[in-house]
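# A look at the structure
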Amino acid sequence: MAERYNATGVKIPDPSKIKEIDLINRDPKQINEDVVKVDFEDVIAEPDGTHSLDGVWKASYTTFTVSKYWCYRVLSAIFGIPVSLLWGFLFACISFCHIWAVMPCIKSCLIESQCLSRIYSLCIHTFCDPLFESLGKVCSNIRVALRKEV
């Protein structure tokens, strides 16, 4: 597909490469399904024989639900963008370190360990194999007999 530009000369991005944000399902991978899903019944419960007035119970339910809802909304409105910026920066740094430091280091260690493993294997086959083979032949004629004497 040919690149497209608007009237001011700015490149128009390819629509097939733009990721849409799902405003309905905001946890598609369900990473917070069991952690932060807390309802009134999960926190406050009255056992049989100990009940408050029905009006108090309903008002408590409404207060809990509304205050949780709005407190989350206010906190996310105030801190959502700055915290997202910090998390984005942190994960960018982690990705950078992983791509430019960790993986090259691991690959380097694997290359070096392959060389060392060949040398180690050669030494084992040269020195240990004949020794243990000889010991096996010497000990192969040993017989053990167990008798119970009364």
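Keep in mind that this is a model prediction, so the values were computed, not measured.

### Re the environment of Ala-92
Looking at the element boundaries, Ala-92 is found in helix 2 (residues 54-139). When the C-alpha atoms of Ala-92 and Val-43 are compared, they prove to be 37 Å apart, with 49 residues separating the residues in sequence.

### Notes on unusual backbone geometry
One non-glycine residue, Gln-30, adopts positive backbone phi at about 50 degrees. Here Gln-30 lies in the loop between strand 2 (11-12) and helix 1 (40-43).

### Quick word on the layout of surface pockets
Empty pockets left among the atoms are what a rolling probe the size of a water molecule brings to light. A volume near 1400 Å³ is recorded for the largest pocket. Forming the walls of the largest pocket are 28 residues, and the residues nearest its centre are Arg-26, Asp-27, Asn-32, Val-36 and Tyr-72.

### Concerning the environment of Val-102
As for its placement among the helices and strands, Val-102 is situated in helix 2. Put simply, Val-102 and Phe-91 are 11 residues apart on the chain and 14 Å apart in space, counted from C-alpha to C-alpha.

### Focus on the UniProt feature "transmembrane region" (unreviewed entry) in the chain
With numbering matched to this structure, UniProt assigns "transmembrane region" (unreviewed entry) to residues 74-101. The distance separating the terminal C-alpha atoms of residues 74-101 is 39 Å; by composition the span is 100% helix and 0% strand.

Rules of the game
Residues numbered from 1 in each chain as written. Predicted model: local features only at pLDDT ≥ 70, side-chain atom pairs only at ≥ 80, totals over all residues. Heavy atoms only, no water. Helix = DSSP H or I, 4+ residues; strand = E, 2+ residues; numbered from the N terminus. 1 Å grid on protein atoms, 1.4 Å probe; cavity = no way out; pocket = protein on both sides within 12 Å on 5 of 7 lines; lining within 4 Å. Points joined across faces, edges and corners; volume = space filled by probe spheres on them. UniProt positions renumbered as here; feature names shortened; annotations may be inferred.

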